[in-house]
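Each chain, letter by letter, is given below.
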Amino acid sequence: MLIFTLLRGGGLQCNRVSSVTHLKAMLFKPHTISSHILSNHLNQLRSISSLKVVWRKDPELDRAIENDKRFKLCARVVREVLNEPRHVIPLRYLEKRRQRMHLKVKIETFLNHNPGLFDVYLDRIKPKTEPVRFIRFSAKLQNFLEEQKRIFQKNEDLIVAKLCKLLMMSKNKVVSADKLLHVKKEFGFPDDFLVDLVPRYSNYFRLIGSPGEGQSFLELVNWEPKFAKSVIEHRAEEESERIGIRVRPNFRVQLPSGFVLKKDMRDWVRDWMELNYVSPYADVSHLEQNSREMEKRMVGVFHELLSLSLYKRIPVPILGKFCDEYRFSNAFSSVFTRHSGIFYMSLKGGIETAVLREAYEGDKLVDLDPLLEIKDKFVELLEEGWRQRAEELRLKQEKLRRDMENSATKVDQMSVKETNVDGRRHVDNGRRRAFK
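Residues numbered from 1 in each chain as written. Predicted model: local features only at pLDDT ≥ 70, side-chain atom pairs only at ≥ 80, totals over all residues. Heavy atoms only, no water.

Undergrad: Would you mind going over the environment of Val160 with me for this structure?
TA: Tracing the backbone through its elements, the reader meets Val160 in helix 8 (residues 156–168). Overall, the relative accessible area of 3% leaves Val160 in the buried class. With 41 residues separating them in the primary sequence, Val160 and Tyr201 have C-alpha atoms 8.3 Å apart. Ignoring sequence-local partners within four residues, the contact set of Val160 consists of Leu197, Tyr201, Tyr204 and Phe205. (Helix = DSSP H or I, 4+ residues; strand = E, 2+ residues; numbered from the N terminus. Buried < 20%, exposed > 50% of the residue type's maximum accessible area, 1.4 Å probe, protein only. Contact = heavy atoms within 4.5 Å.)

Here it is in structure tokens:
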């Protein structure tokens with residue numbers, strides 16, 4: 001018989017054969033096993049496997065994702081041009097990439113809606129061809145890119161610490177370099193961090209292979225103890241120093257308004273919270289994959305990854321790329337709904353996104369990463385262009401209104417003239433009749 005049922009997306013897996021074999025071994029050992037121990041073991045399996053948590057929408061956290069939609073779309077187009085040689089591209093070539101950039105409007109419409117990002121000019125694709133329209137970075141965007149470099153340099157220690165932490169949490173202290181390239185914007189890494197930053201910190205990192213060729217890895221050379229403390233552990237230490245009493249590291253649980261856990265779920269969460277915190281930097285090779293302790297560690301890793309990210313949220317498919325490196329189960333995504341007081345699973349935009357609840361107040365991010373200064377500068381540039389466009393539209397509408405008023409005035413004046421002419425003609429006709 002199957003000891004417990006695996007729910008679809010349950011996040012905690014059980015192998016039918018191994019579980020049954022394990023329990024048989026327990027039941028038929030030469031020495032006696034107390035019924036209390038066996039009951040606890042069965043209850044633990046049942047309690048983990050039978051948990052069902054209903055997903056509940058959080059409008060404020062969804063709105064936080066929606067608020068960044070326009071900014072991220074503009075950043076995506078800029079990044080597309082940035083990857084081109086000399087940072088220029090024919091407008092029609094960029095138009096063909098709209099689907100890849102998830103751009104719903106034509107490139108010309110995008111440029112009109114976001115002035116100040118690009119300049120449009122004529123050039124030849126080949127020497128003897130007819131000139132076509134190209135786009136290149138505007139002077140304002142060039143200035144922003146220089147400012148971005150300065151911000152990266154100012155926060156280089158933070159970037160190095162993040163990169164070390166990502167490696168220190170991994171199973172073998174090695175992570176695929178191609179995967180790290182894929183998540184660079186989630187953590188705020190520069191585009192060239194593997195070829196520029198990594199070689200300059202050979203005391204921490206060793207790059208194996210060539211990024212982009214499928215078999216390249218970033219390896220941790222030296223373990224750095226000062227990076228081996230999680231956000232939760234730091235918070236517990238600070239609290240202990242403040243009140244003078246040792247505080248156990250643990251998660252903050254804040255259920256959304258109106259959300260009530262069923263009794264069996266409340267009991268499970270209470271017991272699970274009483275378990276000792278498992279640091280994401282600790283060696284967990286001795287833990288069973290399906291144990292509650294391993295789930296505590298997995299939640300700790302997700303909490304730390306989201307804390308290291310720029311927006312304290314990461315699309316679930318991106319997290320799924322690191323199942324092997326961080327020992328996530330295949331159904332790991334259910335952790336975000338099972339622990340809905342710690343995380344929120346947003347479905348905004350048709351993409352599952354894991355959000356760290358404690359980092360937000362309403363739809364506002366309160367736990368700000370220093371690298372978000374880059375976003376602030378870029379948004380300033382965008383808003384300047386949007387204000388410019390709004391002013392141009394206002395002036396255009398004002399001119400149209402004046403033109404319409406002038407046209408109406410001219411029509412009125414012409415009507416008066418025609419009326420006067422008709423009047424004079426009527427008087428003249430009357431005089432002529434009087435003298436006949």
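Undergrad: Would you mind showing me how to read unusual backbone geometry here?
TA: Backbone phi values are negative for most residues with the exception of glycine, while trans is the configuration of most peptide bonds. Unusually for a residue other than glycine, Arg86 sits at a positive phi of about 60°. Relative accessible area serves as the criterion here: at 67%, Arg86 is assigned to the exposed category. A positive phi is found at Arg327, a non-glycine position, where the angle reads about 60°. Structurally, the position occupied by Arg327 is in the loop between helix 16 (323–326) and helix 17 (335–338).

Undergrad: Quick question: what am I supposed to make of the pattern of salt bridges here?
TA: Pairing between side chains of opposite charge can happen when the charged atoms of each approach one another. Counted by the stated rule, this structure contains 35 salt bridges. The partner of Arg338 in a salt bridge is Glu295, with the nearest N and O atoms 2.9 Å apart. In this pair, Arg338 is assigned in helix 17 and Glu295 in helix 14 (residues 292–308), connecting sequence segments 43 residues apart. Neither Arg338 nor Glu295 differs from the other in exposure class; each is buried. Between Asp403 and Lys399 there is a salt bridge; the shortest N-O distance is 3.1 Å. (Salt bridge = Lys/Arg side-chain N within 4 Å of Asp/Glu carboxyl O.)

Undergrad: Looking at this structure, how should I read helix 4 (residues 69–82)?
TA: Residues spaced three or four apart along an α-helix point in a common direction, a consequence of the helix completing one turn every 3.6 residues. Taking 1.5 Å per residue, 14 residues should reach 20 Å; helix 4 reaches 20 Å between its end C-alpha atoms and fits that length. Looking at helix 4, one finds that the buried residues are Phe71, Cys74, Ala75, Val77, Val78, Glu80 and Val81. (Expected span 1.5 Å × (residues − 1).)

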